[in-house]
Amino acid sequence: MINLDNFFKPKSVAIVGVSRNPEKVGHVLFRNLLDNGYPGNVYIVNNNAEKISNYKCYKSVLDIKNKIDLAIIAVPYQFVLGIVKECNKKNVKDILIITSGFSEVGNKALEDELRNFINKNKIRMIGVNGLGILDVHNKMDSLFLPRHRLKRPQAGGISFVCQSGAVGSTILDLAAEKRHKFAKFVSYGNATSIDESDIIEYLSKDKNTRVICLYVEGVKDVKKFIDVMKKVT
């Protein structure tokens, strides 16, 4: 089983691509973490600013002296692989990539190159092209939709694994309105590295998860999926 603890309860998070513009994805991710009461250390990476919201900006993850448990990447697709290489050099082995623009729009070669680097360097990566991750119990909110536009559910026992960000956000919003209580939400996008089977297996051992719900558009490794489902159910 792959250890995904740093995606749900990291002690430190670096967000790469935090803009001064509050409407941009990187800034929304940054605000969501803070507004949700995330208790860990937050570092923001922007090579064109010195400070954003009184937080020091770093030009690169390599400039951050402290340990980083999780890097969240929200930069244009052409810069993603370079950022991942910097994270690897910094020994950050857990990465969430929000960025789209890969195989879902025909840019398969770049996604293959990214996957090969991740596999070769034993990096755990969720994404690309995902909505993000929510752990209600641990106050980890890395969804890229602002809290005033997407309601967050209260803490409970439902964990939802979703391939589609659009479907995931709609269900989260409805669930919060109907007062269904959640443990975790994971939008894993293209499943470039970690897939639905890895996440399901991890959630089966999670003390806060009592029910696992899935929305899956396609399974790449059917045997792995069936084996995990048999074990979990």
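Cut-offs applied
- Residues numbered from 1 in each chain as written.
- Predicted model: local features only at pLDDT ≥ 70, side-chain atom pairs only at ≥ 80, totals over all residues.
- Heavy atoms only, no water.
- Core = buried A, V, L, I, M, F, W, Y, C linked by side-chain atoms within 4.5 Å.
- Buried < 20%, exposed > 50% of the residue type's maximum accessible area, 1.4 Å probe, protein only.
- Helix = DSSP H or I, 4+ residues; strand = E, 2+ residues; numbered from the N terminus.
- Contact = heavy atoms within 4.5 Å.
- Pairing = 2+ DSSP bridges.
- Axes fitted to C-alpha atoms, helices over the stretch in contact; angles between N-to-C directions.
- Parallel < 35°, antiparallel > 145°, perpendicular 65-115°, else oblique.
- Nonpolar A, V, L, I, M, F, W, Y, C, P; charged D, E, K, R; others polar.
- Expected span 1.5 Å × (residues − 1).
- Arc of directions from axis to C-beta.
- Salt bridge = Lys/Arg side-chain N within 4 Å of Asp/Glu carboxyl O.
- Lys, Arg positive; Asp, Glu negative; His and termini not counted.
- Phe/Tyr/Trp six-rings, centres within 6.5 Å; stacked < 30°, edge-to-face > 60°.
- Lys NZ or Arg CZ within 6 Å of the ring centre and 35° of its normal.

A. Structural context of the nonpolar core. By size, the foremost hydrophobic cluster in this structure holds 31 residues, and its most contacted members are Phe7, Val13, Ile15, Ile72, Leu96, Ile126 and Ile199. For this core, the secondary structure elements donating two or more residues are helix H1 (5–8), strand S1 (12–16), helix H2 (25–35), strand S2 (41–45), strand S5 (70–73) and helix H6 (196–203). Apart from the residues lying within four places of it in its own chain, the contact partners of isoleucine 15 are Gly26, Leu29, Phe30, Leu33, Val42, Tyr43, Ile44, Val45 and Ile72. Ala14, Ile73, Val80 and Leu81 belong to the second largest nonpolar core, which has 27 residues in total.

B. Quick peek at the sheet that holds S2. Overall, mixed pairing links the 7 strands, which are arranged S3-S4-S2-S1-S5-S6-S7 in an open sheet. Lying at the two open borders of the sheet, with one neighbouring strand each, are strand S3 (51–52) and strand S7 (124–126). Alignment of S2 against strand S4 (residues 55–58), held across 2 bridges, turns out to be parallel. Bridge pairing links valine 45 to tyrosine 58 in S4.

C. Quick peek at the environment of glutamate 23. One can find glutamate 23 in the loop between S1 and H2. Judged by relative accessible area, glutamate 23 falls into the exposed class, the value being 68%. Taking the C-alpha atoms as reference points, glutamate 23 and proline 146, 123 residues apart in sequence, are found 8.8 Å from one another.

D. Geometry of the sheet that holds strand S8 (residues 132–135). Ordered by their spatial adjacency, 5 strands build an open sheet running S9-S8-S11-S10-S12, and the pairing between neighbours is mixed. The open sheet has two edge strands with one neighbour each: strand S9 (140–141) and strand S12 (211–215). Sheet topology note: the S8/strand S11 (residues 182–187) ladder contains 4 bridges and is antiparallel. Its bridge partner lying in S11, aspartate 135 is registered against lysine 184.

E. Structural context of the packing of helix H3 (residues 77–89) against helix H4 (residues 108–120). Two numbers describe how H3 lies on H4: the axes approach to 10 Å, and their chain directions differ by 5 degrees. By the criterion of interaxial angle, the relationship of H3 to H4 is roughly parallel. Between H3 and H4, the contacting residues are Tyr77, Val80, Leu81, Val84, Lys85 and Asn88 on the first element and Leu110, Glu113, Leu114, Phe117 and Ile118 on the second. Among the residues forming the contact of H3 with H4, the class breakdown is 8 nonpolar, 1 polar and 2 charged.

F. Spatial organisation of H4. Look at H4: 18 Å from first C-alpha to last across 13 residues, which is about the 18 Å you get at 1.5 Å a residue. Along H4, the positions that sit buried rather than exposed are Leu110, Glu111, Leu114, Phe117 and Ile118. All buried residues of H4 lie within an arc of 125 degrees about the axis, which places them on one face of the element. Structural note: H4 exposes Lys108, Ala109, Asn116 and Lys120 on the side pointing more than 90 degrees away from its buried face. The positive-phi residue at the C-terminal boundary of H4 is lysine 122, with phi of around 55 degrees.

G. Inspection of the pattern of salt bridges at higher detail. Per the counting criterion, the structure on display carries 14 salt bridges. As a salt-bridge pair, aspartate 94 and arginine 124 come within 2.6 Å of each other at their nearest N and O atoms. Highlighted residues: aspartate 94 in strand S6 (residues 94–97) and arginine 124 in strand S7, separated in sequence by 30 residues. Assessed through its relative accessible area of 2%, aspartate 94 is described here as buried.

H. Geometry of the side chain of lysine 90. Positionally, lysine 90 belongs in the loop between H3 and S6. Despite its burial, lysine 90 pairs with no opposite charge; the closest candidate is aspartate 63, at 9.1 Å N-O. Other than its neighbours up to four places away in sequence, lysine 90 contacts Val61, Leu62, Ile64, Lys65, Asn66 and Ile68.

I. Just the packing of aromatic side chains, in detail. Taken as a whole and assessed by the stated rule, the structure comprises 5 aromatic pairs. Ring geometry for phenylalanine 30 versus tyrosine 55: centroids 5.2 Å apart, planes at 80 degrees, classification edge-to-face. Taken as a pair, phenylalanine 30 in helix H2 and tyrosine 55 in strand S4 lie far apart in primary sequence, 25 residues in all. Residue class for phenylalanine 30 comes out buried when judged on its relative accessible area of 0%. Centre to centre, the rings of tyrosine 77 and phenylalanine 102 are 6.4 Å apart; their planes meet at 75 degrees, and the pair counts as edge-to-face. Of this pair, tyrosine 77 sits in helix H3 while phenylalanine 102 sits in the loop between S6 and H4, and the two are 25 residues apart along the sequence. Judged by its relative accessible area of 35%, tyrosine 77 is partly exposed. Using a relative accessible area of 1% as the deciding quantity, one classes phenylalanine 102 as buried. One cation-aromatic arrangement involves arginine 31 over phenylalanine 30; the distance from NZ or CZ to the ring centre is 5.9 Å.

Nothing here speaks to function; it is geometry throughout.
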